[in-house]
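Take a look at the letters that make up each chain.
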Amino acid sequence: MEPMTARQIAAAVNGEWLNPGENAPAVTAVRTDSRALTPGCLFLPWVGERFDGHDFIDAALEGGAAGCLCARVPEKLRKDKFYIRVPDTRLALKALASACRDRFSIPVIQITGSVGKTTTKEMIAAVLGAKLRVWKTPENYNNDVGTPLTLLGLTEEHEAAVIETGMNHFGEIEYLTEMVRPDIAVISNIGDAHIQNLGSREGILKAKCEIFTHLKKDGLAILNGDDALLDTVAVPFRTVRCGKSEHCQARITEIADHGVEGIRCTVVTEKDRYPLSIPAPGEYMAYAAAIAVAAGEALGLSREEIVRGAASYVPAGSRMRVLRLRDRRMLLDDCYNANPQSVAAALEILARTDCDKRVAVLGDMGELGDIRSRAHFNMGALASMLGIDLVFAIGSGELAGKIADGVALSGGSVQYFPTKEEALPELRRELGPGTVMLVKASHAMRFGWLVERLQET
């Protein structure tokens, strides 16, 4: 974050500086968690359903924060700290991030989509990073807290920004886009994630298209050209569609799947041909690569830079992370999150992996609404149809239990456990020499714990 004085902060958030003084230091960081302070930062108390950060203002200031924003003013004000009163700290964070965004004229790329947002973000950042100093959304900072904090992380050294934005209700993408104000807007796909809140895939499409509400007039829209719903989108912006279909302006050809070693493909545009080697498994990686090619071309990267950038891609977090263990054993750690589309893609990767035995560890998928039972059953049936040797279904009887039903009724082998703790001993027994084990579930299932324990096996 570029330094901001208390006076500049108060102006940005339209707040009242309660104890103005000449000695208030400039701040170079904003924190919403009193347990994760940096010396001299601005503390912004976040208000949630079950907590109120205002209760921790004194502790934050004592812990090194230079000052705070507050909608509820503490009874006593310290003379060595500054206090800026605002009506709503959430809106104040948005206003502060928007003011920070105004300081930079660098190209900003915003990404949303049902599946693969982070993968696409990381791929675009890798490609642009072959030429530019890129700031990107850290980890999964893609909501109404994470996005403004990401924007506040911009500094003068950055030459481009890649911002991931997520949502589960109408209006959220527009809220985030208003502060991001992208030059390039990307939608990776439309799937079933959050369908419980949005009613239908058409509702999801409408919510995702909020990304165009604050796209700059001369901006670029980059869309998955093989997505049937996205193919219906017509926006008053220059548009590049990416995919295998003939109408795509960034067309994917010559895909060679090398399993866990990654893929090779060629992306063809009107300008050039890009032979890409991507060190991550899954044919879906070609879509992220094609989108990155379109973004790279738009920002003036050369063919060599785009090819080199794609080859430098590294998966983020537990997103199809390949963990090699002794005795030719392997874990496919894809447990960051799950929905029907991402589970199907992960199962296909497992099915194509060369090994002695293939095991899928699957858990509950959240926010699927009325399709939840059918979706879980279908995932079990798909695992069986793909020839997965053994499926572990872990979680609630209503959801993971349906996975088990799908496997069993399709002739596959399955074991069901209500909890991951109960499943762990049997998982360890099944992770024998030459076995590849996929671990996949919604983030709320905390399957990362299983991955950690299984690495000790």
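Above: the structure in question.
A brief report on the enclosed structure follows. (Residues numbered from 1 in each chain as written. Predicted model: local features only at pLDDT ≥ 70, side-chain atom pairs only at ≥ 80, totals over all residues. Heavy atoms only, no water.)

## Notes on the overall build of the protein
Which entries qualify depends on this criterion: Note on conventions: DSSP H or I runs of at least 4 residues are helices, E runs of at least 2 residues are strands, and numbering of each starts at the N terminus. Between the two quantities, the radius of gyration covers C-alpha atoms and the globule rule is 2.2 Å times the number of residues to the power 0.38. In this scheme, a residue with accessible area under 20% of its type's maximum is buried, one over 50% is exposed, and one in between is partly exposed, where area comes from a 1.4 Å probe on protein chains only. By definition, residues are in contact when any of their heavy atoms lie within 4.5 Å. Accessibility throughout is a Shrake-Rupley quantity obtained with a 1.4 Å probe, and a residue counts as covered only by protein chains that appear here. When charges are counted, neither His nor the chain ends are considered; positive counts come from Lys and Arg and negative counts from Asp and Glu. Charged side chains are reduced to one point each, which is NZ for Lys, CZ for Arg, CG for Asp and CD for Glu.
Along the backbone of the protein there are 15 helices and 20 strands. Computed over C-alpha atoms, the radius of gyration of the protein comes to 24 Å, within 12% of the 23 Å expected from 2.2 N^0.38 for 457 residues, which places it in the range of a compact globule. Projected onto the principal axes, the alpha-carbon positions of the protein cover approximately 75 × 55 × 40 Å. The 457 residues of the protein split such that 56% are buried. Relative to all contacts within the protein whose residues are 6 or more apart in sequence, the contacts with residues 24 or more apart total 64%. Summed over all atoms, the accessible surface of the protein reaches about 19,300 Å², with 48% contributed by carbon and sulfur. Both charge centroids of the protein, one from 52 positive and one from 59 negative side chains, sit 2 Å from each other.

## Brief notes about the pattern of salt bridges
Stated precisely, the cut-off is as follows: Any carboxyl oxygen of Asp or Glu within 4 Å of a side-chain nitrogen of Lys or Arg constitutes a salt bridge here.
As enumerated under the stated definition, the model contains 31 salt bridges in all. Across the pair E426 and R429 runs a salt bridge whose closest N-O atoms are separated by 2.6 Å. Here E426 pairs with R429, and both are found in helix 14 (residues 420–430), just 3 residues apart, close to one helical turn. Assessed through its relative accessible area of 17%, E426 is described here as buried. Assessed through its relative accessible area of 58%, R429 is described here as exposed. One continuous salt-bridge network, built from bridges that share partners, spans R428, E452, R453 and E456.

## Re the packing of aromatic side chains
Selection rule: Pairs were defined over the aromatic rings of Phe, Tyr and Trp, the Trp ring being its six-membered one, requiring ring centres within 6.5 Å. Orientation was assigned from the angle between planes: stacked under 30 degrees, edge-to-face over 60, tilted for the rest.
Enumeration according to the criterion identifies 2 aromatic pairs in this entry. When the ring of F392 is compared with that of F417, the centres are 6.1 Å apart and the planes differ by 15°; the resulting orientation is stacked. Separated by 25 residues along the polypeptide, F392 in strand 18 (residues 390–394) and F417 in strand 19 (residues 414–417) bring together distant segments of the chain. For the pair shown, F392 and F417 are each scored as buried.

## Some words on the sheet that holds strand 19
Basically, it comes down to this: Between any two strands, pairing holds if DSSP finds at least two bridges. Each axis is a line fitted through C-alpha atoms, taken for helices only over the stretch in contact, and angles between the N-to-C directions span 0 to 180 degrees.
Strands sit in the order 15-16-20-17-18-19 across an open sheet of 6 strands; the sheet is mixed. Unpaired on one side and paired on the other, strand 15 (321–324) and strand 19 mark the two borders of the sheet. Neighbour-to-neighbour, the strand axes of the sheet open up by a mean angle of 15°, direction not taken into account. Note: strand 16 (residues 330–333) against strand 20 (residues 435–440), 4 bridges, orientation parallel. The partner of L332 across the bridge, within strand 20, is L438.

## Details of the packing of helix 14 against helix 15 (residues 448–455)
Axis angle and axis distance: for two packed helices, these are the angle between their axes and the distance between the axes, and together they describe the pair. What counts, and what does not: Roughly parallel covers angles under 35 degrees, roughly antiparallel covers those over 145, roughly perpendicular covers 65 to 115, and oblique covers all other angles. Helix crossings are classified by the rotation of the near helix relative to the far one: an anticlockwise turn of less than a right angle makes the crossing left-handed, while a clockwise turn makes it right-handed.
With their axes 11 Å apart at the nearest point, helix 14 and helix 15 run at an angle of 30° to one another. Looking at the two axes, helix 14 sits roughly parallel to helix 15. Every pair of crossing elements has a handedness; the one defined by helix 14 and helix 15 is right-handed. Here helix 14 contributes K420, E421, L424, L427 and R428 to the contact with helix 15, which in turn contributes W449, L450, R453 and L454.

## Examining unusual backbone geometry
Positive phi is not limited to glycine here, since R181 has a value of about 45°. The phi dihedral of M320 is positive, around 50°, even though this residue is not glycine. By the element assignment, M320 lies in the loop between helix 10 (303–311) and strand 15. Look at M320 and you get buried, because its relative accessible area is 2%.

## Comments concerning the pairing of strand 13 (residues 263–268)
Two elements, strand 12 (residues 250–257) and strand 13, share 5 bridges in a ladder whose sense is antiparallel. When the bridges of strand 13 are listed, D257 appears paired with I263. Where strand 13 meets strand 14 (residues 273–278), 6 bridges bridge the pair, whose relative direction is antiparallel. Each residue of the ladder has a partner; that of V268, found in strand 14, is R273. The turn joining strand 13 and strand 14, which pair antiparallel and follow one another in sequence, is formed by 4 residues.

## With respect to the side chain of D52
As a reminder, the rule being used: Nitrogen and oxygen atoms within 3.5 Å of one another constitute a polar contact, given that in protein one can donate a hydrogen and the other can accept it, and given that sequence-neighbouring residues count only through two side-chain atoms.
Relative to the helices and strands, D52 resides in the loop between strand 3 (42–43) and helix 2 (57–62). Here the side chain of D52 touches H54 through a polar contact of 2.7 Å, side chain to side chain. A polar contact is formed between the side chain of D52 and the side chain of R72, at a distance of 3.3 Å. Sequence-distant contacts of D52, defined by excluding residues within four places in its chain, comprise W46, V47 and R72.

## Some details on the nonpolar core
Test applied: Within this scheme, the nonpolar core is defined by two criteria: the residues are buried Ala, Val, Leu, Ile, Met, Phe, Trp, Tyr or Cys, and they are joined through side-chain atoms within 4.5 Å.
One finds M123, I124, I222, L276 and I278 to be the most contacted residues of the largest nonpolar core, which totals 41 residues. It is helix 9 (residues 285–298) that contributes the most residues to this core, 11 residues altogether. Not counting residues within four places of it along the chain, the set of residues in contact with I222 comprises I184, A185, V186, I187, V240, C242, I291, A294 and A295. By size, the runner-up hydrophobic cluster in this structure holds 36 residues, among which are I84, V86, I106 and L154.

## Focus on the environment of A221
Inspection of the secondary structure puts A221 in strand 10 (residues 220–224). Residue A221 is classed as buried on the basis of its relative accessible area of 0%.

## Focus on helix 12 (residues 372–385)
Heads up, the condition is: Here the expected length of a helix is defined as 1.5 Å per residue gap, with one fewer gap than residues.
Taking 1.5 Å as the rise per residue, helix 12 with 14 residues should run 20 Å; its terminal C-alpha atoms sit 20 Å apart, in good agreement. Burial in helix 12 covers these residues: A375, H376, M379, G380, A381, L382, A383 and S384. On the buried face of helix 12, the contacting elements are helix 11 (340–352), strand 17 (357–363), strand 18 and helix 13 (400–409). Of the residues flanking the end of helix 12, it is G387, one or two places downstream, whose phi is positive at about 85°.

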